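Architecture and fold: a report
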Amino acid sequence: MNREVTLPLIVDDRGTLQVAAADVSKLLRTVGGRWLHLVEAGEEGLDEDTVAALTIELAKLADRIDVACIAHSSGTTAG
């Protein structure tokens, strides 16, 4: 998967983040972890390679959210 996703930060007029990024990151990682658990448990209909690839992409997205928010809160730009 080589597509890039642009993640707009939702801020108010004072620059305060309006979405709990830590919660979003945690959700993305939890979904991937749950999928992996289902594969390990032998859940039918789940392709192990596909689940692994999707889980990696979710973790990368969560990492990008974390980096963007850290940069925002420190007053720098993420890139």
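Described in the following lines is the structure provided in the data block. (Residues numbered from 1 in each chain as written. Predicted model: local features only at pLDDT ≥ 70, side-chain atom pairs only at ≥ 80, totals over all residues. Heavy atoms only, no water.)

This next bit is on the overall build of the protein chain. Helix and strand counts for the protein chain stand at 2 helices and 0 strands. In the protein chain, which comprises 79 residues, the share counted as buried stands at 19%. For the protein chain, long-range pairs separated by at least 24 residues make up 54% of all intrachain contacts whose partners lie at least 6 apart in sequence. Within the structure as shown, the protein chain displays about 6000 Å² of accessible surface, and the carbon and sulfur contribution to it stands at 56%. (Helix = DSSP H or I, 4+ residues; strand = E, 2+ residues; numbered from the N terminus. Buried < 20%, exposed > 50% of the residue type's maximum accessible area, 1.4 Å probe, protein only. Contact = heavy atoms within 4.5 Å. Areas by Shrake-Rupley, 256 points an atom, 1.4 Å probe, with all protein chains shown as cover.)

Mapping T55 onto the fold places it in helix α2 (residues 48-74). Judged by relative accessible area, which is 14%, T55 ranks as buried. Those residues within four positions of T55 in sequence are excluded, and the remaining contacts are G32, G33, W35 and L36.

This part is about α2. Spacing of three or four residues puts side chains on the same side of an α-helix, whose turn is 3.6 residues. Compared with the 39 Å implied by 1.5 Å per residue over 27 residues, the 39 Å span of α2 between its first and last C-alpha is a close match. Residues V51, T55, L58, A62, I65, A68, C69 and A71 constitute the buried set of α2. On its buried side, α2 packs onto α1 (21-40). Positive backbone phi, at 80°, marks G75, one or two positions downstream of α2. (Expected span 1.5 Å × (residues − 1).)

Let us now look at the environment of R34. Mapped onto the fold, R34 is located in helix α1. Given the relative accessible area of 47%, R34 is considered partly exposed.

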